[in-house]
Structures are given as structure tokens and as C-alpha cells.
Amino acid sequence: MLRSLALAAGRAAAAALLALVVALPAPARAQAPVVPGAAPPLEVQRREFKNLHRLMILKKARAKIVAGRERAKLEKLAARGNKAAKRKLAGIRAQRPTLDEAELPAGVGTPARPALPTGAQATTSIPLNVRTNNPAGDAANAGQCEESIAALGDNVLVAWNDGQGFTSGGDTQGYGWSSDGGVTFTDGGDIPHPPAYPAWEWTSDPVVAVNEKTGEFWYCGLANPNASNNAIGVARGRFTGGVFAFDSVFVVRSASNASFFLDKQWIAVDSLTGNVYVTNTTFTVTGDQIDFYRSTDGGRTFSAALTLSSAFDEGWVQGSRPAVGPNGEVDVVWSAIGQINDNDYMRFRRSTDGGVSFGTQSDAAAFISNYTTGAPAFNRERGLSFPSIAVDRTSGAHRGRVYVTWNESWDWLDDSFTALGARSESDVAGNNTSNNTTATANAFTVGNILRGNLQTTSSVTDQDYFSVSLNAGERFLAWADSFTTSRAFTLRLFAPNPDGSQRLCYTGKTDSTAAQTSSVFAYTAPTSGTYFVRIAGISRRQMFYRIRTAFGATASERGRDQRDAFTAWSDDGSTWSTPTRMNDDAVGFDNWLPEVGVGGDGMPYGMWFDHRDDTYGSRAHIYLTRSADGGATWAANQRVTSVQLNFTTAPVNIAPNEGDYSHITASATRIHPTWADARASNPSVDVFTTAVLTTSSISSCPNDTTVDADAATTAGWTLANDSPLFAGTYGVSLSSTRAWPVSGTPTIAIPAEGSAFYTANVTVPDTAAAGVNTICLTLTTPGGVVVGECCYNVTVNAGNTGVLEHLSGLALAPAWPNPARGSARIAFSLPNPGRVKLSVYDLAGARVRTLVDGDRSSGAQSVFWDGRDTGGSPVRAGSYFVRLEFAGRSLTRRLVMTR
């Protein structure tokens, strides 16, 4: 009953909040100076933070829908001859769209760049970093980001958000391709448009996939088909003669701007059936939901939307992704803001009938989201916790296992803000610049309430700096909680090194018409130092502010700081493993936009933006890891990027500058991570990728050999691991077609980009008949995928068997061969069971080696001498005597040993 009441209350609160968000902004009310006050009760604070999360997801969609409604009204008035409406429409049509509502530089118009191959960046100890887009002809600040990648053999396709479209017009999407496994790329230019839509423009969220059976590559993106609608489209293409080209374009869904906003679509292709699957977030005037579409005719038509998210989650979901399992299962995951407690959730549903219907919802994970700030240097005022998904479709030990990856923080929502007094800015009347730099920042102690007045006008943008000393590992929260809906602001945290300008946190409210009235960030210091908090006005009017500060604390939560990268797995789509952390960096460094993919070696690989190599964690590298035990544990993290990335200083006309996602995919032989890249040598933010080999091999096999019965011999194989980043423990199995004893260790460790020599002992029974026996070694990756098999033949010599057949009584046959080169077979016969001794002597009569000393059965038998003395050293070439002693009698034969 209590749960039902809580759910009902949650729905009622959600409905009230939606009404507030959808409504047009009310006239701004006068804002009075605020004074420090007691922090709200913890439950009120939690609700405030949860509603803030929801507003950050909804506000862009709400603004789009409101704008669509306003345009629809203007269209009607203009059709009736209203001149004012016509002028407004002309102004709207002249505006270029942006990927985000944040203000972006206008840029300078430039001609479209040529589609030319781009060169790879040289690296030394890490995989080759390759730029996929060609910046020739781009504006100086035209950025590329939010990339996706698909690979089949040596053919690779990458797509991205393209900021050149903001300066030269047209699409804001681009793509590139490689036919040499990702060593070089050709910028493909524009993606084709559906013929029936002459005004079509690709706008955002590019995703690519491939049908491994047919070789068809698929692109999926958001689009504006005309002035009144927004849409999801797909384009199909293939490689022919080493060159990629699109051949068809189809529309998945088109919806009215006045009623719907389609966002965050993703695509998957089933190679078994050829079905194409697309999911997205559909924002409506009453909430938002996760929708699913399927095509069974090669993308020509798609089904009506099937809503996967629950009614309870309406308005609280985002970031879906589909994936296809080895038996055609359709798996879909998305994130949902929790409405009951601090947790958010990774929701999951599976279809076993090709997307016709889906099973019940399960939760892959409950987690804490750091949604109010992105990674250091991220240029958008909110964070992301979207999932990544991959399914093992190899023949390995975990075939069919689905992996879900996300980032999460410590539970900062349950940290209370207890005021320890106020700290006011030092501005005085007529001077609003006394603390507008890091050098003049007002110092405070965590727990103080920061107060001030931003005197922003049409010609002056005011900003106030405060400084605070933090020790390594301390968790710091700042909450600006006193703004009205008509005010817009940014709240940032900066690193002290090198100049106080390196962004660590960025939050705020960038739209003065949105319902949001507060914002907060949570941060963990990786290094002791003096950090800077800055609040700045955007809305061009005076505003007073209050910033609450507090220390955070951790308890039993998994997340340690701003964000860690976690993965959970499921074999049945309903029960999920305990999440495991992939990153192994120290506390205080952000791990951002994690992705997961399964290599052809049967192992899941994870990647993310990682900030461990910068003192204050403001600059980034891409790091990679893998799991050899199905996601239970993860290998030591390895750096992929050859140059550190600095997004704070990189010129870019796209927000978000790092994208809402990176991506990773796999071919049979390589893992292909791709990311937005802000190295200093780039003209702006570009898209980079690398190809990491996942192959291994049996590079040498024993030669065929001839032996005698009762021989003992060894065989050796050279095993190679091609991965430049990861060592591995490989499985080894041995077999014999004639069931001889063959022994060796079941595993062998092979270093990264190295080899190891494996030896096996082969024992030939003394009863072995003449003929061939085949000995085989099978090598298996740590992920359980069979690498291959290498065999050699062992032939039992017929000559020695004939000697044995004619021996009887007490007899010592001539050694065979004689002369012997390195080893020899010595046959003898006993008339009855008893103790026997067989030894080798040199010409001086000294015993060299005792071959037999013990009880033996009667009859013919033989032993093998490997040409070594008692100490294990090879004997010299020369003549030796073999002496058989039994029941007081002895027999001797001469043996010549050569080398």
C-alpha cells in the first residue's frame, strides 16, 4: 500500500512538473537580494535534485516543441497574409540549427572540403591513432564529434557530428571510410538525402552498423525533413572495389515539431534475418518514452513505434540502444531516472521473436548519476549516464552474454548542506570587477554559503570567482539554489594549474526561459590545491545568487568520485551480475563516456575518456581494458591515445564538444575504438580511431619425426599473441590419434605482442605397432574462442619392431640405429620375470648411464637412450658398450654414437 501511495505521489509530482515545463515562461518577477538560510530537509533536497535531473533531460525537447508550436501558428498567420508573421518566419528560416541550446560561435562560411584520404598520426608504443575526417576547407572552429563506427574485415565506416555544416550550410553530419583496416581514411562528404524530401537536412546523433552476412553498412541519424517536422532516417551502402558508397536512403519516422521531438536514436542489424532495428527517445507534450521500430524489407518500411518504457517512467527516460544476439535476440537498454530513492536505473528488455514483442523489463543496474556536470572541459552544462551495450556473438565461452556499461558517481544526493556561515563577494557599489579573476578570488571554507550580485548588462558580463583549498580525495559540492526562471547562469570549477582556466566542472542554466532555477555539481579532488569556483550571468540583467557548499562522503556505494566506469552482464536477459569497475585509476579522476564491445577473441573490451595522466585531472586520454573471464574482472588499463587531449582550449563550434557518446566496435581480427579528439596539433576537435589487433596464432609446429616403440620424445610449438596492449593466459589441449600419453600444461601465458614456446612430452608405448600417429595442439583465447590447431606426425619405426618380434629367452639385440646419431633404441628379452640391469659403458669401462635397474616381466621389450649421461649431458661421439645383466648372466653389445 505504501509503495502504491508513493508511486501515485511520484506520478502526481511528475504531472505537475510537466505542466510547468510545457507552459510558456511567465513574466519575470523582480528579484530581491537573498540571504543565507537553513538548508532544506534532506528529502526536499533529494526531490529538488531529481527534478533538476529531469528538467535537464526535458528542457531541450520542450524548447523544440514550443518553438514548433510557435512556428505552426506563424505559418497559419502568414498564409492569411499577416506581414509580421511573414517577417518572423523569414528570420527563423535564416537561422542555422545547432546541436545544443548552448550559445556557440558563429564561425565563418567556407567551401565544402574535398573527400581526400587523411594521413595517420605517428605513434611509438601505442596503437596508431588515425584521423577519420579531413579538415581541409573547414572553418577554424568547425568541430567533429559524437562518432560511431562499424567494421567488417578491412572495411570500416565512421560517422560523426560535423560542425562545418554550421558555417557553410547544409547537413551537420559527416562520414568517412577505410578499406585497409583503419590505417587510412577517406572523408566521404555528405550523406545522401531521401529523394522525396528536397529540404532534408541531417542534424545529429549519427550511428552506424553492419550486416556481416551481406556486407551492407547502415547509417542512422536525426534529420529535419522540412520546416514542420523532425525525423529519423537511415542510409544503406556497401564497399565495392575498395570504395564505399551509399545506395539507398529511407525514413524511419517523421513527426510534427509541434507535438514531438525525436532524439537519441540508435540502430542494430540482424545478420541472420536482415532485419533492421531502431530505437529512440520520443519527447511529447506529456512526457517522453523509449520507442522501437523494425524493418523486415531492407529498411524500405518500418513498423509503427512500439513503446518499450513503462508508463511509470514516462518523462524520466533517455539514451536507448539496441543490440542483436547470436540467435536473433533483440536486446534494448536505456537509462531511467529513479523516482523513489537516490538511484537511477539501466532498464532492459529482450525480444525473442525478431522485435514483434518484448519480454518483461529488468534492471541491469541501479546506480548514482552525476548528471549536473560533464567531464572536465566538457562544454555543456550537464552530465550523461547513457548506457552502452554489446552481445557476445562469437563461439567463445560466453556466447550470448550481453554486457551493459555506464558511468556512475558516489552518492552525493544524500550529502546535506549544513551552513557554516556566509562568505560574500568583495564587489562594492560601482565596481563589479573586484573578484572577477582567479587572482582576485574571494577565499572560502567548504560549508560556507557564497553570496553575491552579478551586475550583468547588455554590454558587460559579470562573473565572480571564489577560491577554496581542497585536499586530495576530498569530495566537494556546490549548489546554486536561488535563481528565478528568468535568470540564466553558469557555475564552474577550475583547476589551479596551469593558469586557473582548466575546466573541471560546468553546470548551470543556459536558457532564461526554462523552468530550472538551480544547479549543482559534485567533485572529488585528485590533488591537493587551491581550486576556483566561478559563477557568471548569461541573462543580461542583474541577479543575486546564493551558492551552498558542502563536503561529500561515501559509504557503501560503488562509485568513488565524479565517475567510474562499470559493467554488468546477463546470460538470460533477466538476471544480472554484480557490476564491476573497469577503470583502475586513483580516486579523483573522471572516467567519462564508457563504451563496451566484444572482440573476435570472445572477450569484452571497454573504453572511456580518462583523466589520470593530468595532475588535476583536466586533460584526457582514451583508455582501454578487457576481461578474460566474461566481465568478472578487468585487465590493467592501457592508454590508446598517443597525445593528451585538452578540450578546454580546443576551438570548436559544437556543444557537446566531446559528444554524448564515443563508440567501439569489433571485426573478426580487431577492436576499433573511436573518439572525439582535441590534441594540440588538430585545427579543432576531430574524430580519431585506432585498430587494436585481437588475433593470436600458432606460428610454428613440430616437424614430422620417426621414433621407435617405447620412445620418449618432446615436441614444441611457438604460440603468438598479436595484441599490442594485453598479455593473456591461453588454453592448450593436446590429442593423439592413437591415444598415446601426451602431456603438457593446460595453459600458457603469452605477453602482449609477443610469443611463447610450448612443449609437450610424448611417450611411445613399447607395444606400439609400426605406423603413423598424429599429435595435435589446439590453442584457445582467454575468451574461449578456438584460435586453431597444429598437428605433426610421429612414425613408429618398423625395423625395431621386427627385432623385438624375434627376441626370445635371454637376448640383447644390436642397438638401433647403429651408428646412432644422438639417440638409440636398445631391445632385449628375458626368459622369465626378474630383476634386470641395463647399462652403457665407455671404452675405459666407466659406467655412463644406467637405463634399466629393476624388475621386469618376461618377453621382448626395449628402452630408449637419449645419448645423455647420468648428469643429463650429451655424451661425446665414439664407441660405447651396452651391458645386460640378469640372474647372474650378462650380455654385451657395441654401440657407436655420432653427433
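Everything below is about the structure printed above this text.
First, a word on scope: everything that follows refers to the structure included in this document.

Criteria and cut-off values
- Residues numbered from 1 in each chain as written.
- Predicted model: local features only at pLDDT ≥ 70, side-chain atom pairs only at ≥ 80, totals over all residues.
- Heavy atoms only, no water.
- Pairing = 2+ DSSP bridges.
- Helix = DSSP H or I, 4+ residues; strand = E, 2+ residues; numbered from the N terminus.
- Disulfide = S-S within 2.5 Å.
- Buried < 20%, exposed > 50% of the residue type's maximum accessible area, 1.4 Å probe, protein only.
- Phe/Tyr/Trp six-rings, centres within 6.5 Å; stacked < 30°, edge-to-face > 60°.
- Salt bridge = Lys/Arg side-chain N within 4 Å of Asp/Glu carboxyl O.
- Core = buried A, V, L, I, M, F, W, Y, C linked by side-chain atoms within 4.5 Å.

Quick notes on the sheet that holds strand β30 (residues 529-537)
Okay, step 1: Pairing in this open sheet of five strands is mixed, and the strands run β23-β25-β30-β27-β28 from one edge to the other. Every interior strand has two partners, whereas the edge strands, β23 (442-443) and β28 (502-509), have only one.

Things to note about unusual backbone geometry
Okay, step 1: The omega torsion of the bond from Trp-816 to Pro-817 falls at -10°, within 30 degrees of zero and hence cis.
Okay, step 2: With respect to the element layout, Pro-817 can be found in the loop between β51 (811-812) and β52 (820-821).
Okay, step 3: At the junction of Asn-818 and Pro-819, the peptide bond is cis and its omega measures out at 5° in the coordinates.
Okay, step 4: Looking at the secondary structure, you find Pro-819 in the loop between β51 and β52.
Okay, step 5: Despite not being glycine, Leu-593 shows a phi value in the positive range, around 55°.
Okay, step 6: By secondary structure assignment, the location of Leu-593 is in strand β34 (residues 591-598).
Okay, step 7: One non-glycine residue, Ala-887, lies in positive phi territory at about 50°.
Okay, step 8: Secondary-structure assignment places Ala-887 in the loop between β57 (878-886) and β58 (889-898).

Things to note about the state of the cysteines
Okay, step 1: A full pass over the atoms with the stated rule returns two disulfides.
Okay, step 2: Each sulfur of the disulfide joining Cys-701 and Cys-790 lies 2.2 Å from the other. With Cys-701 in the loop between β42 (696-700) and β43 (705-707) and Cys-790 in strand β50 (residues 786-796), this residue pair connects regions lying 89 residues apart in the sequence.
Okay, step 3: We classify Cys-701 as partly exposed; its relative accessible area is 24%.

Overview of the environment of Ala-860
Okay, step 1: Among the secondary structure elements, Ala-860 is positioned in strand β56 (residues 859-865).
Okay, step 2: Residues Ala-860 and Leu-830, 30 residues apart in the sequence, show an inter-C-alpha distance of 6.7 Å.

A look at the packing of aromatic side chains
Okay, step 1: The tally for this structure, following the rule as stated, stands at 33 aromatic pairs.
Okay, step 2: Ring centres of Phe-217 and Phe-244 lie 6.2 Å apart, and the angle between their planes is 85°; this geometry places the pair in the edge-to-face category. Placement of the pair is Phe-217 in strand β9 (residues 217-224) and Phe-244 in strand β11 (residues 243-256), with a sequence separation of 27 residues. Of the two residues examined, Phe-217 and Phe-244, each falls in the buried class.

Quick look at the pattern of salt bridges
A side chain of one charge can pair with a side chain of the opposite charge when the charged atoms of the two come close.
Okay, step 1: All chains considered together, the criterion is met by 31 salt bridges.
Okay, step 2: The partner of Asp-344 in a salt bridge is Lys-50, and the shortest N-O contact between them spans 2.7 Å. On the criterion of sequence distance, the pair formed by Asp-344 in strand β18 (residues 344-351) and Lys-50 in helix α2 (residues 42-79) is long-range, its members being 294 residues apart. Lys-50 carries the same exposure label as Asp-344, and that label is buried.

A short note on the nonpolar core
Okay, step 1: Counting residues in hydrophobic clusters, the biggest one holds 32 residues, and the most contacted among them are Trp-592, Tyr-605, Phe-609, Leu-624, Phe-647, Trp-675 and Val-685.
Okay, step 2: Put simply, the parts of the chain that give this core at least two residues each are β34, β35 (604-610), β36 (621-626) and β39 (670-677).

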